[in-house]
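So the chains spell out like this:
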Amino acid sequence: MTADETSKAAGHPIARVLPLLSPAHLDRDFDYLVPPELDEIAQPGVRVRVRFAGRLVDGYLLERLPSSDHNGKMMPLERVVSPERVLTPEILRLATAVATRYAGTRADVLRLAIPPRHARTETGGTKKTGTASKAASVPEVVDNEEDSPFDIPAEAGGNGPGESAAAAGGASADQPDATTAEAGLESTPEVPVAQSPVEVDASAWGRYVHGPAFVDALAHGKGARAAWQALPGENWAARLAEAAATVVAGGRSAVLMVPDQRDLDRLLAECVALVGDSAVGLSAGLGPAARYRRWLAVLRGQARIVVGTRAAVFAPARDLGLIAIWDDGDDTYAEPRSPYPHAREVAMLRAHETGAAFVAAGFARTAEIQAVVESGWARDLLAERQVLREVTPRISAPGDSDFALERDALARSVRMPGVAFAAARSAIKENVAVLVQVPRRGYVPSLACAKCRTPARCRHCNGPLALPQSANGEAASPHCKWCGITEAAFRCQACGARALRATVIGAARTAEELGRAFAGVPIRTSGGGEVLDTVEPGAQVVVATVGAEPLVPGGYGVALLLDGWALLGRADLRATEDTLRRWMGAAALVRPRGQVIVMAEPSLPTVQALVRWDPVHHAAAELEARAEVGFPPAVRLAAVDGTTASIAELLDATNLPDGTEVLGPVPLPPTARKPFSGADSPAEVERMLLRVPRSGGAPLARALTAAQAVRSSHRSDAPLRVQIDPVDIG
């Protein structure tokens, strides 16, 4: 600590602390005395232990003050857990904005943002050597002041990213504004890292309209915000790595988010190839020590590119210049812990607050990203149709014309029509791989009555029946997927029939049938616990569940997308959007001269969007449809789950803003229930929806926050769960 800091600390004996307490009414700062022996290390941002209501609790020291408004007795700090200043000013502001946006508490958000301390890693950590680092460093870039489509004013699209902290209503009297709460919060001193120049070849961005302008904006440190639709076959990991390296070359940091470990490994490898040890990966799969070590490297400024899953959105990157998210429609970005934020929304909040560039990338597009594009907050980053036609495989649906139906009258009714078998045989003859995508894993994961088509249910627990594959490869008796009891003597509850039929064929059964159809051809499966990252090129059939399709060098020759009705027919708000995303992810793995055949009704808008490779128009139509019926992102929606008594208790304590529409409560099916924080799930769970226009989102969140504070102050222990804009509406 410098002499000025020592002098300042000596004249500031009060420590303002945020205890990590669960009750909503205790989400505020408290003042404590700083003992003389802790004066030097009790700095803003460190972890502390304080006594609260007679027990020791963890907390973060926010600032040092010369005096306190509290006139009563003041307790001293018990101890400083570590001198490491893990809570940065920017992360505190972000945590406050997220808690305000999602009607949660800062303590819950900080539990998501800052990993648990690993003492041995923290005390034994040493700075990185400069020899292994290839961090980018280039001469100062002179702005040519040329107009760019990514010169976006800071105030553009006020309704785009879900409101900033100020637009979300600011802090209440019991919850101070983050700008004042972190006035004394200073960053952890940066550990210098030896850097060597690196040249970034971003010429591949030239295939996209405004692509070079976007990269130029990143190089000049501008807060460009884009919705990038990658071309089929695009090496998206290399493009994102180039964008991040361009930002690092200007002395700033980048955060890149992906949905799973397989994508993380791929993107991290591209980043390491460009900047070396300045890129680190963060994911839940790492052990506590490895994860905390890498997180500290980001905090201390040793790592400039962070590649991770949803928790990486809170990474304490220094001087953030870019935050990107790949495939934001994946449901793994939705945090299952309170206050249940979505990584995409948090990323947009962070970009809006810091002025960093933002990129939402993917082969498909969600309605949420389309909404911010239409608001003007972000810009399209697309390729010309001519360029798209050159790299897109030929996509078709069986029976898409009268001529096709004349050739095969059953093309629309059979699971795999003759045209699909012909395309697969042709690809195998050319010694290229065939991809077969199926929506379900297992053997026969869903059964129904063969007479009346009523779903087959267990007599004991009413769970769905499935047909597993026995150890010797033969089909076994039906069993319940919930309780596991074998149903050897099935009788339909609706018509009394005993015969069963398969409603969906799983990946294992599909591979078995294809093995008979293509004798002598290798059949590989990918899905469940055995996901293949890559397979060697050559004649083979790869049967994969959605999202588990392995890469093949040079691309697949043919892709068969089976059982489209099973994906499109789900009772889910995002069924069509998610189906198109899954289909495009598989079709993008096919070589330009290849063929994609989707087994679905050709006239459906989702199928037509795939055939034309037009995710933007599909997202715009989806957004318009949701606006007509009043679903997010056109409106703000709060889902309240709990018992009848707990929901009524919350409503009584809530001063709902004008124009709030109350829907329900209605019983919530067991399959749609989520666990409650700190409480066991009751036997009966209901859900109530609160719907307001987008402009009423901030008042609704404040009202729900205040109501939860009232409930916690009354020590109500009835289970209750409040979610703003949930992924699953129920």
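Anything mentioned here points back to the structure above.
Everything numeric here is computed off the predicted structure, so don't read it as measured data.

(A) Geometry of the packing of helix 11 (residues 367–375) against helix 19 (residues 615–629). With their axes 9 Å apart at the nearest point, helix 11 and helix 19 run at an angle of 90 degrees to one another. As the angle between them shows, helix 11 and helix 19 are arranged roughly perpendicular. Contact residues: A367, E368, Q370, A371 and E374 in helix 11; V616, A619, A620, E622, L623 and R626 in helix 19. Here the contact of helix 11 with helix 19 is composed, by residue class, of six nonpolar, one polar and four charged.

(B) Expanded view of the packing of aromatic side chains. Scanning the model with the defined rule gives eleven aromatic pairs in all. Measuring from centroid to centroid gives 5.6 Å for W205 and F214, while their planes differ by 50 degrees, and the two rings are tilted. For the residue pair W205 and F214, the accessibility class agrees, reading buried in each case. Between W236 and W326, the aromatic rings sit 4.3 Å apart at their centres with planes inclined by 5 degrees, giving stacked as the arrangement. In this pair, W236 sits in helix 7 (residues 236–249) while W326 sits in strand 10 (residues 320–326), placing the two residues 90 residues apart along the sequence.

(C) Structural view of unusual backbone geometry. Along the chain, P632 connects to P633 via a cis peptide bond; the corresponding omega equals 5 degrees. Along the polypeptide, P633 turns up in the loop between helix 19 and strand 23 (635–642). Note that the residue after G664, namely P665, is joined by a cis bond; omega there is 10 degrees. As for its placement among the helices and strands, P665 is situated in strand 24 (residues 661–667). Positive phi, normally seen in glycine, also occurs at A53, with a value near 55 degrees.

(D) Main features of the pattern of salt bridges. Tallying each qualifying case throughout the model produces 37 salt bridges. The residue R101 makes a salt bridge to D725 at a minimum N-O spacing of 3.2 Å. Placement of the pair is R101 in helix 2 (residues 89–101) and D725 in the segment after strand 26 (720–724), with a sequence separation of 624 residues. You can call D725 buried: its relative accessible area is 17%. Across the salt bridge formed by D328 and R344, the nearest N and O atoms sit 2.9 Å from each other. One end of the pair, D328, is in the loop between strand 10 and helix 10 (343–354); the other, R344, is in helix 10, and 16 residues separate them in sequence. Across the pair, exposure class does not vary: D328 and R344 are buried alike. Several salt bridges share partner residues, and in doing so they unite R101, D328, R344, E345, R636 and D725 into one network.

(E) Up close: helix 11. Of all nine residues making up helix 11, seven are buried, and the element is well covered by its neighbours. Among the residues making up helix 11, those that are buried are A367, E368, I369, Q370, A371, V372 and V373. Taken together, the buried residues of helix 11 touch strand 6 (225–229), helix 10, strand 11 (357–362), strand 12 (379–381), helix 17 (575–587) and helix 19. Residue G376 follows helix 11 closely and has a positive phi angle near 95 degrees.

(F) Here's a closer look at the sheet that holds strand 12. The seven strands are arranged 8-9-7-10-11-6-12 in an open sheet whose pairing can be described as parallel. Strands at the two margins of the open sheet, each flanked by one partner only, are strand 8 (279–282) and strand 12. Here the average twist between neighbouring strands, direction ignored, is 20 degrees. Taken together, the five bridges between strand 7 (residues 253–257) and strand 10 define a ladder with parallel strand orientation. What sits directly across from M257, in strand 10, is I325. Sheet contacts for helix 8 (residues 261–275): strand 7, strand 8, strand 9 (305–308) and strand 10; angle to strand 8, the most-contacted strand, approximately 165 degrees. Packing of helix 10 onto the sheet brings it into contact with strand 7, strand 10 and strand 11, and relative to strand 10 it is tilted by some 160 degrees.

(G) Focus on helix 2. With 13 residues, helix 2 extends 18 Å from end C-alpha to end C-alpha; this agrees with the ideal 18 Å at 1.5 Å per step. Turning to helix 2, its buried residues number three or more, namely P89, E90, I91, L92, L94, A95, T96, A97, V98, A99, T100 and R101. Just downstream of helix 2, A103 is the residue with a positive phi angle, here 55 degrees.

Each value, and the rule that gives it
Residues numbered from 1 in each chain as written. Predicted model: local features only at pLDDT ≥ 70, side-chain atom pairs only at ≥ 80, totals over all residues. Heavy atoms only, no water. Axes fitted to C-alpha atoms, helices over the stretch in contact; angles between N-to-C directions. Helix = DSSP H or I, 4+ residues; strand = E, 2+ residues; numbered from the N terminus. Parallel < 35°, antiparallel > 145°, perpendicular 65-115°, else oblique. Contact = heavy atoms within 4.5 Å. Nonpolar A, V, L, I, M, F, W, Y, C, P; charged D, E, K, R; others polar. Phe/Tyr/Trp six-rings, centres within 6.5 Å; stacked < 30°, edge-to-face > 60°. Buried < 20%, exposed > 50% of the residue type's maximum accessible area, 1.4 Å probe, protein only. Salt bridge = Lys/Arg side-chain N within 4 Å of Asp/Glu carboxyl O. Pairing = 2+ DSSP bridges. Expected span 1.5 Å × (residues − 1).

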